[in-house]
Amino acid sequence: MTEAFDIAAPPAHWEADVLLRDGGTAHIRPIRSEDREVFVEFYSRVSDQSKYYRFFSPMPRLSERDVDRFTSVDHVNRVALVLTLQGRIIAVGRYDVIRPGEAEVAFLVEDQHQGRGIGQLLLEHLSQAGRERGVERFVAEVLPDNTRMIQTFRDAGYRVASEYDEGVLQLEFSIDPTDTAIGLMSAREHKAESASIDRFFNPRSVAVIGASRRQETIGQALVRNLITGDFAGRVYAVNPTSHAVSGLPTYTSVTDIPDEVDVAIVAVPAEHVQDVVLDCAAKGVHGLIVVSAGFAETGEEGRVRQRKLVGLSRSYGLRLIGPNCLGIINTDAKVSLNASLSPLMPPRGRAGFFCQSGALGTAILEKVYNRGLGLSTFVSAGNRADVSGNDLLQYWEEDDATEVVLLYLESIGNPRKFSRIARRVSLRKPIIAVRSGRTTQGVPMGHAVRKIAAPPAAVDAMFRQAGVIQVDTLEEMFDVAQLLAHQPLPRGRRVAIVGNSDALGLLAADAAAAVGLVVNKSIALGAEASAEDFEDALDAAIDDPEIDSVVAVYVPPINVSGEDVANVLAAVGEQSDKPLVSSFLGAEGVPELLRVPDVAGSTAGRGSVPSYPGVEAAVRALARVVEYAVWLRTPDGEPVDPADVDAAAAKRLVMRILGEHPEGTDLDLETLTELLATYDVTLWPTRQVTSRDEAVAAGAELGWDVVLKATAEHLRERPDQAHVWRNVDDAEEMAHAWDTLSALIADPELAGFVVQKNARPGVPVGIRTIEDPLFGPVVSFGIAGPLTELLADRAYRIPPLGGRDAASMVREIKSAPMLFGYRGSEAVDVGEVERLIQRVAQLQNDVPQISALELSLVLAGADGSTVLTASARVDPVVDPRSDWFVRRLSQPAGDTLPS
């Protein structure tokens, strides 16, 4: 048996809100001794057949001894988790250690909730709990005709071995989280989160709770917008003091409505919202849109109220959009849902839009309408207490009506999950994002998120790494969106400019050069150019194999409509397989004259030509799309081969160190050398010395031609400090070097003197990793030295890294030319630098207990690299990234204060 831990309670992260396969919510937690009564009630609701499958014999009732055994656990050798809904247990899963590293696992799910993916959820959470308690394998005994349970184990992604013994199927499998298991878990997460959002966008009925007869009220606007928006389902008004609202009969409570209600829009005072949640749960409502304000955006009291609201909603199986939100819109003619405060229903389009600001929502919708862009769906999440941008990404990934995703983000609650989902979605459809507070890291009052330890540049890098097109303003977002929604992706950076204005043509060429595009052709047609001239020039540019995209500029010489030229642009845009953008009459959006009819009902079909009021905006949007197209076509590159590293040895070493230093510690030189070696990173032989005699002995041991240097951090970062003595060849020179440096450095006993063999010359570079509480592992790279820190010239990525990521890091820093033969110097072995970046990143990714790791001085030369200086720290981790291996909803916003 595993040695029991002396703990009074299970880890806090074993308790969480979870999402079921059909999009409903529930709560998972360790069983408690006080659960005796509710456990017996749960067992009474389970069918005889399910009991027989669990215990292999009729067991209609539980004895007192059975109840004690099932509800009393030690959270180490005996672990049991229950799933609760509306305060009742609906499922239980447990494991019991039967020998060191091996435990028997079993489940029991209430019949009416079977088929909702509960077994898989319990298995995920029990496996993670087992891994944290030193369990390596699960075994299970299952009756052969219990096909659902057998399939639960086989669908988990583990390699399940099975054999029959006396009519019972014996299953055995390692619970190590393989790539297959994690991939299948992510697929289940995607399906559940997508299903939860589908319930909002495709309701058959909507109730407005707080509907009002008074004009200029929120309750009145919500009812009016649903009706005037031609919602295809049924609308119900709930108001205990009125008989009718906007011609609809009213009901005192949502529970009085005789028919089913799928979605409820809540517009009552904040202090009454919790009562509405209970009524909606009793009615069987699937989702809540809480427009009401008075929550986390108001201060501490509101944060508490918001936390209770989310916890209550989830505990009763409900997802929630808001509070303090504008609402949602689905422009599909089969639904035509305007469940928002916006009187403007945007036209049908190809873009899905998520924003967190209720205040900006209406302005955004007006801008969309004026540009003729069109939306498929729209969500304003307000305080983002439950439903977030991650949920919408999951939905839009499979939504055929959405081809472009637009995000206006004021905070990122779970950046690690966002990065994972966005990287997957970007491979199928482009994501354009505006992130407010990008420079200041400011967070609105209603958004309570934990502090990000990584710098803002790391967040930007996460977006690039995931293929997200990050822009600075809403205007630029729409500029890029209208291009992606209507035109094909470019194959490269080569541009042709066709126009009837020399001045604007030059402006376009200058703008293209400034954003990294290459102007291969510029066709000046003259002010009197006809539609036929434009057609010939555009056809020539489109047909040119040296051209990837075309910018068309049209300014009429006199007061004419330009309809003939517009017809040419629309015809060419519709037929071309290369993107065509325009500055047509200074119009913004997709003008009527440049639109191509769309059979799907959108305002403008594929091939419609977007127009920009200035050529600079057109070129800037095109450049953003080119960068996305390049990212899309560039393969990830090879990741670190697990066979080339020894992750198990690294983990054993770190856990041994933490066993000796449970509070955490900086690694000594010997341990650090051993740790790096597990990932094939060789630390240059180094001897730590504290006296002149030790320095002389170290020089002799290394065969002289050595360096004496101080490595204390406060000296490494001070370029004015003379703390290195090179080319020491004998005892006399070493004694002189020691005495000189000791005299120069204040407190020489704290200088951290070391002796090293002289290394081959090279460009000094540094690689650094940290374990961020929100991101997880973060790796950075730059030229070593104080100027890099001063100019913030570092590249960041989120591990694990493919070859593309490492190559991009090396090339995107401003000082990258130093690595590629700057001013006639010898180019370094960049491939070796990239290998080091990948290995260090993978080590940080594999061992979360490494809180910081730095190769502060690596000499990158033409024939390889030498790691001269390194440091690392390990710290205990209470919850070692368990959200990578189990599905759980984020904690309600408001649990922690904004930072």
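Thresholds applied
- Residues numbered from 1 in each chain as written.
- Predicted model: local features only at pLDDT ≥ 70, side-chain atom pairs only at ≥ 80, totals over all residues.
- Heavy atoms only, no water.
- Helix = DSSP H or I, 4+ residues; strand = E, 2+ residues; numbered from the N terminus.
- Rg over C-alpha atoms; globule rule 2.2 N^0.38 Å.
- Buried < 20%, exposed > 50% of the residue type's maximum accessible area, 1.4 Å probe, protein only.
- Areas by Shrake-Rupley, 256 points an atom, 1.4 Å probe, with all protein chains shown as cover.
- Lys, Arg positive; Asp, Glu negative; His and termini not counted.
- Charge placed at Lys NZ, Arg CZ, Asp CG, Glu CD.
- Arc of directions from axis to C-beta.
- Contact = heavy atoms within 4.5 Å.
- Pairing = 2+ DSSP bridges.
- Axes fitted to C-alpha atoms, helices over the stretch in contact; angles between N-to-C directions.
- Patch = residues over 30% accessible without salt bridge, like charges linked within 9 Å, V, L, I, M, F, W, Y side chains within 5 Å.
- Salt bridge = Lys/Arg side-chain N within 4 Å of Asp/Glu carboxyl O.
- Core = buried A, V, L, I, M, F, W, Y, C linked by side-chain atoms within 4.5 Å.
- Phe/Tyr/Trp six-rings, centres within 6.5 Å; stacked < 30°, edge-to-face > 60°.
- Right-handed = clockwise from strand over helix to strand, strands pointing away.
- pLDDT = per-residue confidence, 0-100.

## Topic: the overall build of the protein chain
Moving on, step 1. A count of helical and extended segments in the protein chain gives 26 helices and 36 strands.
Moving on, step 2. At 32 Å, the protein chain has a C-alpha radius of gyration in line with the 29 Å of a compact globule built from 899 residues.
Moving on, step 3. Its C-alpha atoms give the protein chain principal-axis dimensions of about 100 × 95 × 55 Å.
Moving on, step 4. The buried share of the protein chain, reckoned over its 899 residues, is 56%.
Moving on, step 5. A total accessible area of about 37,000 Å² is found for the protein chain, and carbon and sulfur atoms account for 51% of it.
Moving on, step 6. Each charge class in the protein chain can be summarised by its mean position, and for the 88 positive and 125 negative side chains these summaries are 4 Å apart.

## Concerning helix 8 (residues 273-283)
Moving on, step 1. Those residues of helix 8 lying buried are V273, V276, V277, C280 and A281. Projection of helix 8 onto a plane perpendicular to its axis shows the buried side chains occupying an angular sector of 140°, all on one side.
Moving on, step 2. Contacts made by the buried residues of helix 8 are with strand 9 (205-209), strand 13 (263-266), strand 14 (287-290) and helix 9 (300-315).
Moving on, step 3. Just downstream of helix 8 lies G284, where phi reads positive at about 90°.

## Concerning the sheet that holds strand 28 (residues 686-688)
Moving on, step 1. Read from one edge of the open sheet, four strands run 28-31-29-30, paired in antiparallel fashion. Of all the strands in the sheet, just strand 28 and strand 30 (724-728) have a single pairing partner and so form its edges. Sheet twist, expressed as the average angle between the axes of neighbouring strands with direction ignored, equals 20°.
Moving on, step 2. Both strand 28 and strand 31 (residues 753-757) contribute to a ladder of three bridges, which runs antiparallel. Pairing of Q688 across the sheet is with V754, part of strand 31.

## With respect to the pairing of strand 26 (residues 580-584)
Moving on, step 1. Within strand 26, five of the five residues are buried, which leaves the element mostly enclosed by the surrounding structure.
Moving on, step 2. The alternating pattern of strand 26 places L580, S582 and F584 on one face and V581 and S583 on the opposite face, and all of these are buried.
Moving on, step 3. The pairing of strand 25 (residues 549-554) with strand 26 spans five bridges and is classified as parallel. If you follow V551 over to strand 26, its bridge partner there is V581.

## Side note on a negative patch on the surface
Moving on, step 1. On the surface, a cluster of negative charge is made up of E532, D533, E535, D536, D539, D543, E563 and D564.
Moving on, step 2. Elements with a minimum of two residues in the negative patch: helix 16 (531-543) and helix 17 (563-575).
Moving on, step 3. The element that contributes the greatest number of residues to the negative patch is helix 16, accounting for six residues.
Moving on, step 4. One can find D543 in helix 16.
Moving on, step 5. Classification of D543 by relative accessible area gives exposed; the value is 61%.

## Comments concerning the nonpolar core
Moving on, step 1. I289, L407 and F418 are the most contacted members of the largest nonpolar core, which totals 55 residues.
Moving on, step 2. Examining the composition of this core, we find that five residues originate from one element, helix 13 (residues 456-465), more than from any other.
Moving on, step 3. Apart from the residues within four sequence positions on either side, L407 is in contact with F354, L393, W396, F418, I431, I432, A433, V434 and M477.

## Digging into the sheet that holds strand 33 (residues 776-783)
Moving on, step 1. Read across the sheet, six strands follow the order 27-36-35-32-33-34 without closing on themselves; strand pairing throughout is antiparallel. Strands with a single pairing partner mark the edges of an open sheet, and in this sheet they are strand 27 (665-666) and strand 34 (795-797).
Moving on, step 2. Sheet analysis places strand 27 next to strand 36 (residues 864-874), joined by two bridges and oriented antiparallel. Within the sheet, the bridge partner assigned to T665 lies in strand 36 and is V874.

## Topic: a nonpolar patch on the surface
Moving on, step 1. A cluster of nonpolar side chains, namely L427, L489 and L632, defines an oily patch on the protein surface of about 240 Å² accessible area.
Moving on, step 2. Inspection of the secondary structure assignment puts L489 in the loop between helix 14 (474-486) and strand 23 (494-499).
Moving on, step 3. Owing to a relative accessible area of 34%, L489 belongs among the partly exposed residues under this scheme.

## Things to note about the packing of aromatic side chains
Moving on, step 1. Counting across every chain of the model gives 19 aromatic pairs.
Moving on, step 2. Aromatic side chains F138 and F173 sit 6.2 Å apart centroid to centroid with 85° between the ring planes, which places their arrangement in the edge-to-face category. On the criterion of sequence distance, the pair formed by F138 in strand 6 (residues 137-142) and F173 in strand 8 (residues 168-174) is long-range, its members being 35 residues apart. Across the pair, F173 and F138 agree in class, each one buried.
Moving on, step 3. When the centroid spacing of 6.0 Å and the interplanar angle of 45° are considered together, the rings of F353 and F378 count as tilted.

## Let's talk about unusual backbone geometry
Moving on, step 1. With an omega of -5°, the peptide bond running from G322 to P323 counts as cis.
Moving on, step 2. In this fold, P323 is placed in the loop between strand 15 (319-321) and strand 16 (327-330).
Moving on, step 3. A cis geometry characterises the amide bond from P799 onward to P800, with omega recorded as 5°.
Moving on, step 4. With respect to the secondary-structure elements, P800 resides in the loop between strand 34 and helix 25 (803-812).

## A few points about the pairing of strand 5 (residues 102-109)
Moving on, step 1. Counting buried positions along strand 5 gives seven out of eight residues, so the element sits mostly inside the fold.
Moving on, step 2. As consecutive antiparallel partners, strand 4 (residues 88-99) and strand 5 are separated by two residues, and within that stretch G101 has a phi angle of approximately 80°, a positive value.
Moving on, step 3. As for the winding sense of the linkage, the β-α-β connection from strand 5 through helix 4 (residues 118-132) to strand 6 is right-handed.

## Focus: the confidence of the model for the protein chain
Moving on, step 1. Looking at the protein chain as a whole, its pLDDT mean stands at 91, while 94% of the residues score no less than 70.
Moving on, step 2. Contacts for the low-pLDDT stretch residues 1-7, under 50 throughout, to residues beyond four places or in other chains number 17 contacts.
Moving on, step 3. Segment residues 893-899: pLDDT under 50, and 25 contacts once partners within four positions in sequence are set aside and those in other chains are kept.

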